[in-house]
Amino acid sequence: MKILVINAGSSSLKYQLMDPDSGDVFAKGLCERIGIDGRLTHKAPAKDIKVVSEIPMPTHAEAITAVLDILVDPVNGVVSSVDEIDAVGHRVVHGGMKFAESCLIDEACLEAVRACIPLGPLHNPANLLGIEACQKILPNKPQVAVFDTAYHMTMPPKAYRYAIPDEYYEKDSLRRYGFHGTSHRYIAKRVEALEGKGLKVINCHLGNGSSLAAILDGKCQDTSMGLSPLCGVPMGTRVGDIDTTVAQYICKNYNKSMDEVMTILNKKSGVFGLSGGVSSDFRDLEAAAAQGNEKAQLALDKFAYEVKKYIGAYAAALGGLDVLVFTAGVGENGVLMRSMICEGLEFLGVKLDQEKNKLRGDERIISAADSKVKIWVIPTNEELMIAQDTAALAK
Ligand code: ADP
């Protein structure tokens, strides 16, 4: 089968055409600057092709058309006709309480995704644009929605409820949902294949956005992001956990609206804010810290410290720890950051092998032979999960 995986943002759209069984990627790419001008970057790994072209993309529909055009292009394409594409899988960020699993897209599903917009106002509208554009251009292909929140629906109430007045949960469904669920689910499955069932696992998905999940026997018990992806550990530009009074203070004393404060907490904070604006990219922060930039060093220290605290908290929540996993951009590549996080966790049975840790992007054990807890680096593959769910539901 050939599944087209779509991840639509407000002005960008990522795609992969892949085989859900083998995981082979036939083509992948990115449409950027949708609604501004439009640029397509397309790669076909087996043909060793990379093309970048400027294509007008006033809306997501033109972006999808550009993707389909290049997929069937005689030179740069990988299929002879769109008929070869069996189905389309869409990443949808917020599934609210409606979706514990992926869903074949029909009018009822779309209605439910729309109903989640108040919970995911920054992401769901863009995801819907991607779905609607695909429905328009590929009306006869099955389309599937795969939700970032779905994997976390196994959390018990004590983990997902906020200690706010009950009515806000009962009426408005305000609670912890968690994100990166497709990545956490992929890792949970890989750990089961690599280490077996019934294990206590903490997965650290550390990228530009970061979240941790406490996993027991493959099922999520707790996760660090909440109603939105803003909370948990500090991120590239997101603040992470914070006393809400800080928001009120900035609002009042800097004469800003709540929306403006939220933009500061989402886009100007995290390691970017803490480093005094050096960068949201951990490579830049490491380079600056190595040159003696104390704010960059503080940003790295703070990030490692908060991840370490979550590991401690989740080990307590799980009543022990068997496997600690690092994934996503920083988790897969950040040799220094993994070392900083694991340092001092020996009391939990976490002992890193500094030599084995010198790896980037491979699936490998990095714990010492006598470490009670196995430490793994596992490259995540959200697209594969989306393709597999899509194939299963489209059949
Ligand atoms: P996103 O959340 O956007 O999907 P990624 O998972 O791709 O993010 O992670 C991107 C981050 O990975 C970058 O901000 C960068 O800091 C980090 N990263 C990539 N390579 C390295 C590296 N070699 N060392 C440290 N950090 C890295």
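These notes cover the structure that comes with them.

Each value, and the rule that gives it
- Residues numbered from 1 in each chain as written.
- Predicted model: local features only at pLDDT ≥ 70, side-chain atom pairs only at ≥ 80, totals over all residues.
- Heavy atoms only, no water.
- Helix = DSSP H or I, 4+ residues; strand = E, 2+ residues; numbered from the N terminus.
- Rg over C-alpha atoms; globule rule 2.2 N^0.38 Å.
- Buried < 20%, exposed > 50% of the residue type's maximum accessible area, 1.4 Å probe, protein only.
- Contact = heavy atoms within 4.5 Å.
- Lys, Arg positive; Asp, Glu negative; His and termini not counted.
- Charge placed at Lys NZ, Arg CZ, Asp CG, Glu CD.
- 1 Å grid on protein atoms, 1.4 Å probe; cavity = no way out; pocket = protein on both sides within 12 Å on 5 of 7 lines; lining within 4 Å.
- Points joined across faces, edges and corners; volume = space filled by probe spheres on them.
- Nonpolar A, V, L, I, M, F, W, Y, C, P; charged D, E, K, R; others polar.
- Axes fitted to C-alpha atoms, helices over the stretch in contact; angles between N-to-C directions.
- Parallel < 35°, antiparallel > 145°, perpendicular 65-115°, else oblique.
- Left-handed = near helix turned anticlockwise from the far one by under 90°.
- Disulfide = S-S within 2.5 Å.
- Pairing = 2+ DSSP bridges.
- Arc of directions from axis to C-beta.
- Near = heavy atom within 4 Å.
- Polar contact = N/O pair within 3.5 Å; in protein donor to acceptor, adjacent residues only side chain to side chain.
- Areas by Shrake-Rupley, 256 points an atom, 1.4 Å probe, with all protein chains shown as cover.

## A word on the overall build of the protein
On a plain count of helices and strands, the protein comes out with 14 helices and 14 strands. Over its C-alpha trace the protein gives a radius of gyration of 21 Å, about what one expects of a compact globule, namely 21 Å for 395 residues. If you line up the protein on its principal axes, its C-alpha atoms span 60 × 55 × 45 Å. Residues counted as buried form 50% of the 395 residues belonging to the protein. Sequence-distant contacts, at least 24 apart, represent 61% of the contacts inside the protein between residues at least 6 apart. Computed over 43 positive and 49 negative side-chain charges, the inter-centroid distance for the protein is 3 Å.

## Description of the side chain of Thr390
Along the chain, Thr390 turns up in helix 14 (residues 382-394). Setting aside residues no more than four positions away along its own chain, Thr390 makes contact with Ile3, Ala87, Val88, Gly89, Val144 and Val146.

## Things to note about the layout of surface pockets
Looking at the largest pocket, its volume works out to about 1600 Å³. Lining the largest pocket are 41 residues, with Asn7, Ser12, Lys14, Arg91 and Asn208 sitting closest to its centre. For the lining of the largest pocket, the elements supplying multiple residues, two or more each, are strand 1 (3-8), strand 2 (13-18), strand 3 (25-32), strand 4 (39-44), helix 3 (124-137), helix 8 (258-267), helix 12 (328-333) and helix 14. Among the elements that line the lining of the largest pocket, the one with the most residues is strand 1, at four residues. Classifying every residue of the lining of the largest pocket by side-chain character gives 13 nonpolar, 19 polar and nine charged. The space that makes up the second largest pocket amounts to roughly 970 Å³. In terms of lining residues, the second largest pocket is bounded by 30 residues, among which Leu227, Ser228, Leu230, Thr244 and Met262 are the most central. The biggest single contributor to the lining of the second largest pocket is helix 8, with seven residues.

## Examining the packing of helix 7 (residues 245-253) against helix 8
Between helix 7 and helix 8, the shortest axis-to-axis distance is 9 Å and the interhelical angle comes to 125°. When the axis of helix 7 is compared with that of helix 8, the two are oblique. For the pair helix 7 and helix 8, the crossing hand works out as right-handed. Only Met258, Val261, Ile264 and Leu265 of helix 8 make contact with helix 7, whose side of the interface consists of Ala247, Ile250 and Cys251. When grouped by side-chain class, the residues that make up the contact of helix 7 with helix 8 number seven nonpolar, no polar and no charged.

## Brief notes about the environment of Ala304
Tracing the backbone through its elements, the reader meets Ala304 in helix 11 (residues 294-318). Overall, the relative accessible area of 4% leaves Ala304 in the buried class. Distance in space between the C-alpha atoms of Ala304 and Ala8 is 31 Å, their sequence separation being 296 residues. In this structure Ala304 touches Met337, Met340 and Ile341, once residues within four positions along its chain are discounted.

## Things to note about the state of the cysteines
In protein chemistry, a disulfide is the covalent bond that joins the sulfur atoms of two cysteines. A complete count under the given rule lists zero disulfides for this structure. In this model Cys204 remains outside any disulfide bridge; the closest cysteine sulfur is found in Cys342, 7.9 Å from its own. By relative accessible area, Cys204 is classed as buried at 0%.

## Things to note about the sheet that holds strand 8 (residues 143-147)
In space, the eight strands of this open sheet follow the order 5-4-3-2-1-6-8-7, with mixed pairing throughout. Looking at strand neighbours, the two that pair on one side only are strand 5 (49-54) and strand 7 (103-104), the edges of this open sheet. In terms of strand pairing, strand 3 meets strand 4 through five bridges, oriented antiparallel. Bridging across to strand 4, Gly29 finds its partner in His42.

## Overview of helix 8
Looking at helix 8, one finds that the buried residues are Val261, Leu265 and Asn266. Looking down the long axis of helix 8, one finds its buried residues gathered within 130° of arc, a one-sided arrangement. In helix 8, the exposed residues that point more than 90 degrees away from the buried face are Asp259 and Lys267. Considering only its buried residues, helix 8 is in contact with helix 7.

## Some thoughts on the site of the ligand
Close to the ligand lie 13 residues, the nearest being Asn208, Gly209, Asp281, Phe282 and Gly329. One nitrogen or oxygen atom from the main chain of Phe282 is found 2.6 Å from an oxygen atom belonging to the ligand. At 3.2 Å, a side-chain N or O of Arg360 approaches a nitrogen atom of the ligand. In isolation the ligand offers 580 Å² of accessible surface; the protein chains occlude 70% of this area. Sorting the residues of the shell around the ligand by element identifies helix 10 (282-290) and helix 12 as the ones contributing at least two each. Here the shell around the ligand gets four residues from one element, more than from any other, and that element is helix 12. In the shell around the ligand, the residues fall into three nonpolar, seven polar and three charged.

## A short note on helix 2 (residues 107-115)
Residues of helix 2 that are buried include every one of Cys109, Leu110, Ala112 and Val113, and no others. Axial view of helix 2: buried residues confined to an arc of 160°, hence all on one face. For helix 2, the elements touching its buried residues are strand 6 (87-92), strand 7, helix 3 and strand 8. Measuring from the side-chain oxygen of the N-cap residue of helix 2 to the backbone nitrogen of Ala108 gives 3.2 Å; that N-cap residue is Asp106.

Geometry only, nothing functional implied.
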